[in-house]
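The primary structure of each chain is shown beneath.
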Amino acid sequence: MALLNVLCYPDPRLHTVAKPVEQVDARIKKIVQDMADTMYDAPGVGLAATQVDIHECIVVVDISDDQNELMVFINPEIIWASPEKKSWREGCLSVPEFYDEVERPAQIRIKALDLNGKEFELDADGLLAVCLQHELDHLKGKVFVEYLSILKRNRIAQKMKKRAKELLGQR
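Below or above, wherever it landed, is the structure these notes cover. Every value quoted in this text rests on a predicted model; they were computed, and no experiment measured them.

**As for the environment of Asp 125**
Then step 1. Mapping Asp 125 onto the fold places it in strand 7 (residues 119-125).
Then step 2. Between the C-alpha atoms of Asp 125 and Pro 105, which are 20 residues apart in sequence, the distance is 8.8 Å.
Then step 3. When neighbours within four sequence positions are excluded, Asp 125 is seen to be in contact with Ala 106 and Gln 107.

Structure follows, in structure tokens:
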């Protein structure tokens, strides 16, 4: 089990756009396992490779209560989004302890590769749809706080910087 370091907002590396995975091989499978271990340890329901400073299109998600239904999305893309919107209270492992409402399409269809490199499609709504859209934003270099007002975003950035300094002072 290898736990990866999760980048915290406003780290500029969170704005790096991920590149497609060329081949699902042993290296990618190891990254997926390390990402899953990191997500479960946090604990979280989703993690994008960008958040752990790996700039490839990989997302892991598990919204189950028992955290035993890992879903892997390699080179994911949303191929359909409903016109109906829904607002959800979102949080993020890269912005710990901050939550706010974000409006997103209520339903989506996603296309991706699985851990065997096989293409699949999945229809999602509810928490899964929100989680997938949130994680795919990370792959595009976007953090959920960018949906908030500039005032809220700046306040969160200042608090995160202060928190980082406090953590460094404790070492």
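**Things to note about the nonpolar core**
Then step 1. Judged by nonpolar contacts, the single largest core of 17 residues is most densely connected at Ile 28, Met 35, Ile 58, Val 60 and Ile 74.
Then step 2. When residues of this core are traced back to their parent elements, those giving at least two are helix 1 (26-41), strand 2 (58-61) and strand 3 (71-81).
Then step 3. If you tally residues by element for this core, the top one is helix 1, at five residues.
Then step 4. Setting aside anything within four residues of it in sequence, one finds Ile 58 in contact with Val 21, Ile 28, Ile 31, Val 32, Met 35, Leu 47, Ala 48, Ala 49, Phe 73 and Leu 139.
Then step 5. Cys 57, Ile 108, Ile 110 and Cys 131 belong to the second largest nonpolar core, which has 16 residues in total.

**Quick notes on the pairing of strand 3**
Then step 1. Bridge analysis of strand 2 against strand 3 gives four bridges, and the strand direction is antiparallel. Counted as the bridge partner of Val 60 is Val 72 from strand 3.
Then step 2. Alignment of strand 3 against strand 6 (residues 107-113), held across five bridges, turns out to be antiparallel. If you follow Trp 80 over to strand 6, its bridge partner there is Arg 109.

**So, the packing of aromatic side chains**
Here a ring pair, both rings aromatic, is described through the centre-centre distance and the interplanar angle of the planes.
Then step 1. As enumerated under the stated definition, the model contains one aromatic pair in all.
Then step 2. Ring centres of Phe 73 and Phe 120 lie 5.7 Å apart, and the angle between their planes is 45 degrees; this geometry places the pair in the tilted category. Of this pair, Phe 73 sits in strand 3 while Phe 120 sits in strand 7, placing them 47 residues apart in sequence.
Then step 3. Between Lys 142 and the ring centre of Tyr 147, over which it is positioned, the NZ or CZ distance is 4.0 Å.

**A short note on the side chain of Arg 104**
Then step 1. Take Arg 104: it is sitting in strand 5 (residues 95-105).
Then step 2. Within the structure, the side chain of Arg 104 is placed 3.4 Å from the side chain of Tyr 147, a separation counted as a polar contact.
Then step 3. Each residue touching Arg 104, except ones within four places of it in the same chain, is listed here: Glu 84, Lys 85, Lys 86, Glu 90, Val 130, Gln 133, His 134, Asp 137, Phe 144 and Tyr 147.

**A look at the sheet that holds strand 7**
Strand-to-strand pairing in sheets goes through backbone hydrogen bonds, with the strands running parallel or antiparallel.
Then step 1. Spatially, 1-2-3-6-7 is the arrangement adopted by the five strands of the open sheet, whose pairing is antiparallel. Bordering the open sheet on either side are strand 1 (46-48) and strand 7, each of which pairs with just one other strand. Neighbour to neighbour, the strand axes of the sheet diverge by 40 degrees on average, direction disregarded.
Then step 2. In this structure, strand 1 lies alongside strand 2, joined through three bridges in antiparallel fashion.

**A word on helix 1**
Then step 1. Here helix 1 spans 22 Å end to end across 16 residues, near enough to the 22 Å set by a 1.5 Å rise per residue.
Then step 2. Listing the buried residues of helix 1 in full gives Ile 28, Ile 31, Val 32, Asp 34, Met 35, Ala 36, Asp 37, Thr 38 and Met 39.
Then step 3. The inward-facing, buried residues of helix 1 abut strand 1, strand 2 and strand 3.
Then step 4. Two to three positions downstream of the cap, the backbone nitrogen of Arg 27 sits 3.2 Å from a side-chain oxygen, assigning the N-cap of helix 1 to Asp 25.

**Regarding the state of the cysteines**
Then step 1. Within the structure shown, the criterion is met by zero disulfides.
Then step 2. Of the cysteine sulfurs around Cys 57, a residue in no disulfide, the closest is that of Cys 131, at 16 Å.
Then step 3. There is no disulfide at Cys 131, and the cysteine sulfur nearest it, in Cys 92, is 10.0 Å away.
Then step 4. On the accessibility criterion, Cys 131 (5% relative accessible area) is buried.

Definitions and limits used
- Residues numbered from 1 in each chain as written.
- Predicted model: local features only at pLDDT ≥ 70, side-chain atom pairs only at ≥ 80, totals over all residues.
- Heavy atoms only, no water.
- Helix = DSSP H or I, 4+ residues; strand = E, 2+ residues; numbered from the N terminus.
- Contact = heavy atoms within 4.5 Å.
- Core = buried A, V, L, I, M, F, W, Y, C linked by side-chain atoms within 4.5 Å.
- Buried < 20%, exposed > 50% of the residue type's maximum accessible area, 1.4 Å probe, protein only.
- Pairing = 2+ DSSP bridges.
- Phe/Tyr/Trp six-rings, centres within 6.5 Å; stacked < 30°, edge-to-face > 60°.
- Lys NZ or Arg CZ within 6 Å of the ring centre and 35° of its normal.
- Polar contact = N/O pair within 3.5 Å; in protein donor to acceptor, adjacent residues only side chain to side chain.
- Axes fitted to C-alpha atoms, helices over the stretch in contact; angles between N-to-C directions.
- Expected span 1.5 Å × (residues − 1).
- Disulfide = S-S within 2.5 Å.

Worth remembering: the numbers are spatial, not functional.
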